Amino acid sequence: MSMNNQGGPTRPDAVRDNAEKPATGTFTGNRALMLEEPLIFEIGAAEETGVDFDEAPETESRLGGLERNRPIGLVGLSEPETVRHYTRLSRMNYAIDLGLFPLGSCTMKHNPRLNERVARMKGFADIHPLQPVDSVQGALEVVHRLGEWLCTLTGMPAVAMSPKAGAHGELCGILAIRSALEARGDAREVILVPESAHGTNPATAAFAGYRVEDIPATPEGRVDLAALEERLGPDVAGVMITNPNTCGLFEPDMKRISDAVHAAGGLVYCDGANFNAIVGRVRPGDLGIDAMHINLHKTFSTPHGGGGPGSGPVVFSEVLAPFAPLPFVEKQDDHYVLIEEETAEDHHESSFGRMVAFHGQMGMFTRALAYMMSHGADGLKQVAEDAVLNANYLLRSLEDVLDAPFGGSGPCMHEALFSDKGFAEGFSTLDLAKTLIDEGYHPMTMYFPLVVHGAMLVEPTETESKAALDEFIGALRSVVERAKAGDETMHAAPVHAPRRRLDETGAARKPILVWKEPEQAEAAE
Amino acid sequence: MSMNNQGGPTRPDAVRDNAEKPATGTFTGNRALMLEEPLIFEIGAAEETGVDFDEAPETESRLGGLERNRPIGLVGLSEPETVRHYTRLSRMNYAIDLGLFPLGSCTMKHNPRLNERVARMKGFADIHPLQPVDSVQGALEVVHRLGEWLCTLTGMPAVAMSPKAGAHGELCGILAIRSALEARGDAREVILVPESAHGTNPATAAFAGYRVEDIPATPEGRVDLAALEERLGPDVAGVMITNPNTCGLFEPDMKRISDAVHAAGGLVYCDGANFNAIVGRVRPGDLGIDAMHINLHKTFSTPHGGGGPGSGPVVFSEVLAPFAPLPFVEKQDDHYVLIEEETAEDHHESSFGRMVAFHGQMGMFTRALAYMMSHGADGLKQVAEDAVLNANYLLRSLEDVLDAPFGGSGPCMHEALFSDKGFAEGFSTLDLAKTLIDEGYHPMTMYFPLVVHGAMLVEPTETESKAALDEFIGALRSVVERAKAGDETMHAAPVHAPRRRLDETGAARKPILVWKEPEQAEAAE
Amino acid sequence: MRYLPLEPADRQAMLAKIGAPDIDALFADVPEEARLDGPIRDLPNHASEMAVDAAFRKMARKNSAAADMPFFLGCGAYRHHVPASVDHLIQRGEFLTAYTPYQPEIAQGTLQMLFEFQTQVARLFGTDVANASMYDGSTACWEAIVMARRITKRGKAILSSGLHPHYVSVAKTMARFTRDQIVHSAPELAAEGDTDGLLDRIDDDTSCVVVQYPDILGRIADMSALADKVHAHKALLIAVVTEPVALGALTPPGEMGADIVVGEGQSLGVGLNFGGPYVGLFGCSQKYVRQMPGRLCGETQDAEGKRGYVLTLSTREQHIRREKATSNICTNSGLCALAFSIHMTLLGEAGLRELAALNHAKAVCAADRLAQIPGVEIVNESFFNEFTLSLPLRARRIVRKLADDRILSGVSLNRLYPGEAGLANGLVVAVTETTSDKDVEILAAALQSVLESAGEEVSV
Amino acid sequence: MRYLPLEPADRQAMLAKIGAPDIDALFADVPEEARLDGPIRDLPNHASEMAVDAAFRKMARKNSAAADMPFFLGCGAYRHHVPASVDHLIQRGEFLTAYTPYQPEIAQGTLQMLFEFQTQVARLFGTDVANASMYDGSTACWEAIVMARRITKRGKAILSSGLHPHYVSVAKTMARFTRDQIVHSAPELAAEGDTDGLLDRIDDDTSCVVVQYPDILGRIADMSALADKVHAHKALLIAVVTEPVALGALTPPGEMGADIVVGEGQSLGVGLNFGGPYVGLFGCSQKYVRQMPGRLCGETQDAEGKRGYVLTLSTREQHIRREKATSNICTNSGLCALAFSIHMTLLGEAGLRELAALNHAKAVCAADRLAQIPGVEIVNESFFNEFTLSLPLRARRIVRKLADDRILSGVSLNRLYPGEAGLANGLVVAVTETTSDKDVEILAAALQSVLESAGEEVSV
Ligand SMILES: Cc1ncc(COP(=O)(O)O)c(C=O)c1O
Ligand SMILES: Cc1ncc(COP(=O)(O)O)c(C=O)c1O
């Protein structure tokens, strides 16, 4: 994830009518294979369609008198036009399949194509969530086996599979914590979250009805244990710690943090978004945590899909296990049962309830389990090691030109953090990022975590080769040197992308969120 | 298909060291999403691999002492690198999915995705050609049903399904003709082919052992019937006529040509590559022809795949049917039988034999039949009509700026033919084509047919919308006007494509057909 | 290992550059006692693609796929035919393996698609705007309730008895923690829902009323009067649509006065997938835009004045506003939104209307056929492609029996409302364009025979 | 109709622009008597995607897919596991829906791939160069014979008895028309092929000798001595490889003196497909490059001096040389070549060797197991992943019997050599990495029981 200019949206310098318009020299505006594409609403028509249906039998309507009597306002395209429209759009995107995608905290690793095939097997893709459980034993087996893998890898005794993404998993964990505390009659109100935490952590705590307070960081980029201990008390329900943290560092005091929180009557949530750095080498369960979500779409390679879907299963300690949400899968002899409203009553009464319709992201479970089985115990450990090796290689290959604020304190984990220190006056992380685009790279995460000025968080992942890293290092060094030298052309970057810098300020000031027919749009001015 | 400069390869004007190198301004040479990509041999390694295998059981080798004892010289890539390599390569290609692909004679129409799914059903994709016929009844049904559609659409009584592409179909037809003549004891030696014919026609006739002679064309772009009649005689085995012909025109005298050839004891081959213009409106069987191939990869939309595979079934008249090659499928009651060596002996003795291993392009049959069933009798007729309508719309929208040599003689069929007449001195069809590339279009077929100077053969197909045609017309008109005005920048085109004009002369002079390790390549200099 | 490009020699060279003696040195921050030695126990080692594929094929075969038998399940997830081109296009690496479009210059593909998606959803719902997707319908529904609380500054949400029980459960779970008040009762097997009944419950503490359209039993009710009453109390009307295809035939909630319309988009493009991933749809009136949860894509211009798209109004979102954000949602359901949007583009106005008409007509025929079975009654007066049967026996038993005969006959209300005896004989049956006449015949015959033999059992 | 973008209004506007009263006017050149009125008879009208999909699923179910049962067929088409990424990549629209790369500036993807493919094939075969693909192995084989004729200006081709009988048939069919002479006899069920026997047949009229490696019965023979003799007579040695995986373990023909090596590339990337599309491989020595059939991709530079690729030496080809071309081939097998090349890239040197070793080891185990069955003999002394059983009965009968029991046990030689009584008891069995130990056990048990009950029948 990334933000522009310390969270503020960018407005390109040069939004002037027709200013600097570099002649593509073409009549169409296309540049050979880089093609312009209008909106469907500009090329489609209400009567056009890309589907054919059998004729409907003649019947009388039973729509309760609510037949639609105005047009929907949709347009259709024939199949050829549809394929072309979306193919052209796709070509305006950067993606892992095109090159290194070093978004720190996002774990943009290779998405194996086997997993796409597996997820589409009709036995998984074409079954309904409310089919009788005897008719979906294989699906429940997948859920159960994946849960077992997650418990074993994390060293935790229980898992909730239904959360829909990382933030939803956080919510699941925090609700379990709150349920456990309430079950003890302990109505605590505050969740402590480090400044460097991902935005979802405080947002989740608030969404669950908690008040959020910051935990300060040490100059080495870790949780300040002393400050934390000081703050703990009877009003603190728990902490949310990211480990490895968002500076790309392992929290060496994690166990002590957990112990301190527990001693003060609180519980420990761990944001496991960075589990990919330690899988097979460290079991979070050994660090005293009570709940942790795992982003299957990061650590276990389910595709990000341009913004989801994800999946965020949550592992629980013994303390929290009874409060896990419905539904979940249990194995009874050779049979899998689905514990949900119908079946839960008697033997899972402390569950905090349901947090989503149906049973979670089956399509991500199949993919993640296929990934885990492919790697196996040995491969997953290698995954973590290669991820960390790649990040440290980047760190050490760049620290002579880029300021690495925590580089001195030892190795990083799966991502390397840099600041904009040393850039020429007027040159920012944003300029560097946009210049990298012209070089054929997706920029790193910018301006996150907030604890570092002009932060650049670089996560290469284990699926990059040394050659790919070397090329990236070369490109990045060249760009950094330009930023230090104050190369003015960087302010104009990118120039080769489908679009130059976009006016984000203008977009937010007067939001245009849906297309309107030109007449209407004008009338709305 | 197309050729540069009347069949001669091009050499760009400006192949000078570092001359005119426009600075991309990037360190990597990439231009944002337009990425450079090395050869696999430059990025892979012998020990690297993108597959895992179970361990092999321990056994003794029984390779007859011929164990390989030198490296193969291959390199591997991990799966992530492989996906990226080919994704990047793919992005350097133009394709129907990106835009209009008006290659005359090639019929670059939309390839429906349903057909890809159908072809991959395991019941078709995962069956062996030599399985017992009882275990492949569904596959034989596809072959048989497709054959029936082809016979019905062409009005011909028999069909051979095994030819692998158009040219192979031509060979099939010519061999049947020769077999029929020889069966009469009539050893004729000459096949007559119009000048405007596709290169495969004369090549096929020669490949089958015939001598080829030209048939002249009339000023209206048709076969000169009088000249043909004059040439007919006891040495002429037959004619190969393309109808609609390669000028995009229907041969109105086709029936008379057939009658004349038959009267002279010869037989008539029709190149059916352009059947897409008339399907559902004209049955070639009504025009007196004896054999015709159908390019499933043109008329019936199986994908061209960057150069194949295709499929070229051949329909036959009663006269030629007995000579059709093995194997073929027959329906006997509810059962499909495969007539091949094992089963043919007794009741198909005049077959000219086998022309390929196994039974033809099953993967194309499924796709073509799915396409035909989707369109149905009504839709296929509409296909032809829309194809012809689109071509005539282009013809009439461009003829005021581009010379249309046969435009005066009436409507065209599925493609419109133009010449370079009126271009400024020093400006060629090639310049126009390369400039169109920058505009975001694949050029039309150039310099074919040979009967027109600087020919441009434009085939839009029926799967283009009017809006797409209008855009293309606009772009083409602008380019034509530049060619007429002598816009020098056209000689440099394309400038936005992954590569500028390539040195084809140099490539042919000293062919480099395989990659060599740099040391070896140098040594070879 | 096939997904790992580093070779042993690479690793050595890289460690040398780093100046670390071995890989363990890079994990020095991990305290000794937390370090694992050797590979993880109790898990198998790596497996070939062939082996993994085979293992999944084996598990897949243990499930009864809808394609392989007569199938009538609905209740929030519907089986529709998804054109082959949808799945082809969403697998383009540039869509599949992209991240959230944070760098708009090289994410215009995803962004323009989202802009189109938002427009399609808003038009379908009859709302001014829509967002770039939520996880699913149930979480979208809760987010709408939260949004209503934020707008009205009131904490009482009234949920119609016709709202999907899972959606109700989610709201109840969350409300327990957020101290919201949820008013709700279970539905009855009656021709009419509680739309009229709700009118009386609305008061000045009410933040919102939530109604489903069509509702969980398939019934369709006009919500105009409700909207007026809700608005009179300065509360909001939230409409929930679990079957977007219905809106190809029905007056959209936005037109009847709903302020927020949320829905489950699974029907279009996405498929059944045993419940997920699905895609939450979220539309509302223009005036509430800055209170919306989730991502929004907006139109803007680039430095050359060319039209382009960006994520916008992100000051509502967690990554900027942290604990003050409108929601904690981050990753949403981008690829499913793409699938939805492509399917919608293929359909278009004409196609969606035809699809809806076909679904409705088939459902009417099926209802008429099933009503002929002695003992079977159709509860609904109105429905779109889903209706409820009242059976003479507990539906759950029948569903299981028919499943043994390879007929997936519908959703027994007992599964959804285990505590409600009055619903136990209810069976919700969905019929779509994928249901053949033969499927209906098979179901009718089997249902009749099950009921007959059960009748005999009873009479014996 | 879903594939046709023109709407009635478009058609009207376009006809108006053209100046034609109706569409019929555009078909004015078609003589009255040849014009069809109304839609084509005897064919159904258009069908929905769903209906077509269902029709094909129905037909597909009538076939026994290899994945669903023990499977042992080979003889020129082999079942290998194709990695999922291969099929994903070849479906990229930019590969799938491109034409032959005639405009190199916007076809570098296809061209570079072909250049890599040519290099892979040449290295695998041990030849200097290779072309951009032929239709399949059988047509590549005939093209090689034609090429030898062109080079040697002689018309007698000697085909080994071990050459695939379909390849022999193709050559014989063509030779009948081209007046070439083909020397060939059927194989025998013996441990050795005719490689030595061929030595005597070579004379100064011989254009080429064609040997298959491994041969149709799976036997492997050194061709070095043959190469010497052939070259002494200034003829060419053509080697045919129907199982390219074998060359991961075996000395390549090029190294043993073959001048032209052709093959069937189906094993890698392509799949069984009931016999097509497949991909013909064609390699030869540098000195014969200008006599090769088919397309060739070559390296060159663009106007900026950047490396790039083009189709080259097209003066050999039909579109330039017409009747003087080296072949009439035009469309070849581009997409299958891509699949082959991707699979080969995934394998690499190490992977191909491992795959070959695994195939061989599994085949050895299977042969040992089957040899234990009373009455069954293994014909081969040497083999790679395919060997021939000599059975006490006609193999065809056994194959059919086992197929009824859902075991696809191999190819009966009777199917391939219907006239040859001496081969009727031969069964060719192929074993690849996709064959499990359990598959072998099932085959062994079933074969034994069939033979036993047949023995009883006979003894009764
Ligand atoms: C550290 C961290 N925590 C939580 C999340 C939220 O996960 P999701 O986007 O799946 O909701 C992210 C993802 O961006 C993250 O990087
Ligand atoms: C008129 C004509 N005839 C024959 C052919 C040859 O067909 P194929 O390429 O399938 O061999 C073509 C294709 O280019 C053609 O356009």
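If you're wondering where the values come from, they're calculated on a predicted model, not measured in any experiment.

Caption draft 1: Inspection of the overall build of chain C at higher detail. Scanning chain C from terminus to terminus reveals 14 helices and 13 strands. Its C-alpha atoms give chain C principal-axis dimensions of about 85 × 55 × 50 Å. When each of the 460 residues of chain C is scored for burial, the buried share is 70%. For chain C, contacts bridging at least 24 residues in sequence account for 72% of all contacts bridging at least 6. For chain C, the exposed area adds up to about 13600 Å²; of that, 48% sits on carbon and sulfur atoms. In chain C, the 44 positive side-chain charges and the 56 negative ones have mean positions that sit 4 Å from each other.

Caption draft 2: Fine view of the overall build of chain A. Secondary structure summary: chain A contains 15 helices and twelve strands in total. In terms of C-alpha radius of gyration, chain A reaches 26 Å, essentially the compact-globule figure of 24 Å for 525 residues. Taken along its principal axes, the extent of the C-alpha atoms in chain A is 75 × 70 × 45 Å. By the burial criterion, 72% of the 525 residues in chain A qualify as buried. Residue pairs in contact within chain A that sit at least 24 positions apart in sequence constitute 73% of those at least 6 positions apart. Carbon and sulfur atoms provide 49% of the accessible area of chain A, an area that totals close to 14800 Å².

Caption draft 3: Broad picture of the nonpolar core. B:Leu150, B:Leu153, B:Phe300, B:Phe316, B:Leu432, D:Phe56 and D:Ile145 are the most contacted members of the largest nonpolar core, which totals 314 residues. Top contributing element to this core by residue count: helix H11 (residues 362-398) of chain B, with 19 residues. Apart from the residues within four sequence positions on either side, B:Leu150 is in contact with B:Val159, B:Met161, B:Ile294, B:Leu296, B:Phe300, B:Pro313, B:Val315 and B:Met372. If you look at the next biggest cluster of nonpolar residues, it comprises 311 residues, including A:Leu232, A:Met456, C:Ile260 and C:Ala356.

Caption draft 4: Here's a closer look at the interface of chain C and chain D. Taken residue by residue, the interface counts 15 residues in chain C and 15 residues in chain D. Roughly 1200 Å² is buried in total at the junction of chain C and chain D, and carbon and sulfur atoms are behind 46% of that figure. Where chain C touches chain D, the interface holds two salt bridges. Of the charged contacts in the structure, one is a salt bridge between D:Arg92 and C:Glu94, with a shortest N-O distance of 2.6 Å.

Caption draft 5: Representation of the sheet that holds strand E2 (residues 156-159) of chain C within the structure. Residue and element names in this part refer to chain C. One open sheet accounts for seven strands, arranged E1-E7-E6-E5-E4-E2-E3; its pairing is mixed. Looking at which strands have only one partner, the edges of the open sheet turn out to be strand E1 (129-130) and strand E3 (181-183). As paired elements, strand E5 (residues 236-241) and strand E6 (residues 260-264) share four bridges and run parallel to each other. Across the sheet, Ile238 pairs through a bridge with Ile260, a residue of E6. Across the face of the sheet, helix H6 (residues 137-152) comes into contact with E2, strand E4 (206-212), E5, E6 and strand E7 (280-284) while running at roughly 25° to E7. Sitting on the sheet, helix H9 (residues 224-232) touches E4 and E5, and the angle it makes with E5 is about 145°.

Caption draft 6: Here's a closer look at the site of ligand 2. Close to ligand 2 lie 15 residues, the nearest being B:Ser105, B:Asp271, B:His297, B:Lys298 and D:Thr331. B:Ser105 places a side-chain nitrogen or oxygen 2.6 Å from an oxygen atom of ligand 2. Taking 390 Å² as the accessible area of ligand 2 by itself, protein coverage stands at 100%. The dominant element in the shell around ligand 2, judged by the number of residues it contributes, is helix H6 (residues 166-183) of chain B, at three residues.

Caption draft 7: Just the relation of the copies chain C and chain D, in detail. In the superposition of chain C on chain D (RMSD 0.0 Å, axial shift 0.0 Å), the rotation amounts to 180°. Expressed as an axis order, the relation between the two copies is that of a two-fold axis. Residues of chain C ranked by C-alpha distance from the rotation axis are headed by C:Arg92, positioned 3.6 Å from it. Interface residue correspondence from chain C to chain D reaches 100%, placing this contact among same-surface, isologous pairings.

Caption draft 8: Region of the structure containing the interface of chain A and chain C. Contacts between chain A and chain C engage 221 residues on the former and 204 residues on the latter. Between chain A and chain C lies a buried interface of about 18400 Å² when both sides are counted; carbon and sulfur atoms form 63% of it. For C:Lys62, the salt bridge goes to A:Glu141, with nearest N and O atoms at 2.7 Å. Here chain A is connected to chain C by 100 residue pairs in polar contact (both at pLDDT 80 or more). Looking at the side of chain A that touches chain C residue by residue, the classes come out as 109 nonpolar, 57 polar and 55 charged.

Caption draft 9: Region of interest: the packing of aromatic side chains. A full pass over the atoms with the stated rule returns 26 aromatic pairs over all chains. Residues A:Tyr371 and C:Tyr3 carry aromatic rings whose centres are separated by 6.3 Å and whose planes lie at 5° to one another, so their mutual orientation is stacked. Residue A:Tyr371 is located in helix H11 (residues 362-398), and its partner C:Tyr3 is located in the segment before helix H1 (8-18); the two belong to separate chains. The two residues A:Tyr371 and C:Tyr3 agree in class, both being buried. Ring pairs connect the aromatic residues A:Phe275, A:Phe300, A:Tyr371 and C:Tyr3, which therefore count as one cluster. Above the ring of A:Tyr210, the side-chain terminus of A:Arg178 is found at 5.0 Å from the ring centroid. Across from the ring centre of C:Phe27, 4.2 Å away, lies the NZ or CZ of A:Arg281, which sits over that ring.

Caption draft 10: Quick peek at the pairing of strand E2 (residues 156-159) of chain D. Residue and element names in this part refer to chain D. Side chains Lys156 and Ile158 of E2 all project onto a buried face; the interleaved residues Ala157 and Leu159 project onto the opposite face, where all are buried too. On the question of chirality, the crossover connecting E2 to the parallel strand E3 (residues 181-183) by way of helix H7 (residues 165-178) is right-handed. Across four bridges, the pairing between E2 and strand E4 (residues 206-212) is parallel. Residue pairing across strands places Lys156 opposite Thr206, the latter belonging to E4.

Caption draft 11: A look at H6(B). When the terminal C-alpha atoms of H6(B) are compared, their 25 Å separation across 18 residues agrees well with the 26 Å that a helix rising 1.5 Å per residue should span. Just past H6(B), the residue B:Gly185 takes up positive phi, approximately 75°.

Caption draft 12: Summary view of the pattern of salt bridges. All told, the structure shown has 109 salt bridges over all chains when counted by the stated rule. We note a salt bridge from A:Glu464 to B:Arg84, for which the minimum N-O separation is 2.7 Å. Taken together, the positions of A:Glu464 in the loop between strand E12 (456-458) and helix H13 (466-485) and B:Arg84 in helix H2 (residues 79-90) put the pair across two chains. The same class applies to A:Glu464 as to B:Arg84, namely buried. One salt bridge in this structure joins D:Lys401 and D:Asp405, with 3.3 Å as the shortest N-O distance. Through salt bridges with shared partners, one network takes in A:Arg91, B:Arg91, C:Arg92, C:Glu94, D:Arg92 and D:Glu94.

Caption draft 13: Structural detail: the site of ligand 1. The environment of ligand 1 is formed by 15 residues, the closest being A:Ser105, A:Asp271, A:His297, A:Lys298 and C:Thr331. Mapping the residues near ligand 1 onto chains gives chains A and C. Between A:Ala167 and ligand 1, the recorded distance is 2.7 Å, taken from a backbone N or O atom to an oxygen atom. Here an oxygen atom of ligand 1 and a side-chain polar atom of A:Lys298 are 2.9 Å apart. Out of a free accessible area of 390 Å², ligand 1 has 100% covered by protein chains.

Caption draft 14: Structural context of the sheet that holds strand E3 (residues 211-215) of chain A. Residues and elements named next belong to chain A. Within the open sheet, the seven strands sit side by side as E1-E7-E6-E5-E4-E2-E3. Their pairing is mixed. The open sheet has two free edges, formed respectively by strand E1 (158-160) and E3, since each of these has just one partner strand. Between one strand axis and the next, the sheet turns by 25° as a mean value, whatever way the strands run. Bridging between strand E5 (residues 267-271) and strand E6 (residues 291-293) involves three bridges; their strand directions are parallel. Paired with Asp271 across the strands is His293, a residue of E6. Packed onto the sheet, helix H5 (residues 137-154) meets E1, E6 and strand E7 (314-316) and runs at close to 130° relative to E1. Contacting strand E4 (236-242) and E5, helix H9 (residues 254-263) runs over the sheet at an angle of about 145° to E5.

Caption draft 15: Local environment of the confidence of the model for chain A. Residues and elements named next belong to chain A. Mean pLDDT over chain A stands at 93; residues scoring 70 or higher make up 94%. Low confidence marks residues 1-8, where pLDDT is under 50. Its contacts with residues over four positions away, or in another chain, come to 32 contacts. Across residues 14-22 the pLDDT falls below 50, and counting only partners more than four positions away or on other chains, this stretch makes eleven contacts in the model.

Caption draft 16: Inspection of the environment of C:Leu370 at higher detail. Residues and elements named next belong to chain C. Examined against the element boundaries, Leu370 turns out to sit in helix H11 (residues 334-371). For the pair Leu370 and Gln286, spaced 84 residues apart in sequence, the C-alpha separation works out to 44 Å. Excluding residues that lie within four positions of it along the chain, Leu370 makes contacts with Val376, Phe387, Leu389, Val429, Leu443, Ala444 and Leu447.

About the criteria used
- Residues numbered from 1 in each chain as written.
- Chains lettered and ligands numbered in written order.
- Predicted model: local features only at pLDDT ≥ 70, side-chain atom pairs only at ≥ 80, totals over all residues.
- Heavy atoms only, no water.
- Helix = DSSP H or I, 4+ residues; strand = E, 2+ residues; numbered from the N terminus.
- Buried < 20%, exposed > 50% of the residue type's maximum accessible area, 1.4 Å probe, protein only.
- Contact = heavy atoms within 4.5 Å.
- Areas by Shrake-Rupley, 256 points an atom, 1.4 Å probe, with all protein chains shown as cover.
- Lys, Arg positive; Asp, Glu negative; His and termini not counted.
- Charge placed at Lys NZ, Arg CZ, Asp CG, Glu CD.
- Rg over C-alpha atoms; globule rule 2.2 N^0.38 Å.
- Core = buried A, V, L, I, M, F, W, Y, C linked by side-chain atoms within 4.5 Å.
- Buried area = accessible area lost by both parts, 1.4 Å probe.
- Salt bridge = Lys/Arg side-chain N within 4 Å of Asp/Glu carboxyl O.
- Pairing = 2+ DSSP bridges.
- Axes fitted to C-alpha atoms, helices over the stretch in contact; angles between N-to-C directions.
- Near = heavy atom within 4 Å.
- Polar contact = N/O pair within 3.5 Å; in protein donor to acceptor, adjacent residues only side chain to side chain.
- Least-squares fit on C-alpha atoms with pLDDT ≥ 70 in both.
- Nonpolar A, V, L, I, M, F, W, Y, C, P; charged D, E, K, R; others polar.
- Phe/Tyr/Trp six-rings, centres within 6.5 Å; stacked < 30°, edge-to-face > 60°.
- Lys NZ or Arg CZ within 6 Å of the ring centre and 35° of its normal.
- Right-handed = clockwise from strand over helix to strand, strands pointing away.
- Expected span 1.5 Å × (residues − 1).
- pLDDT = per-residue confidence, 0-100.

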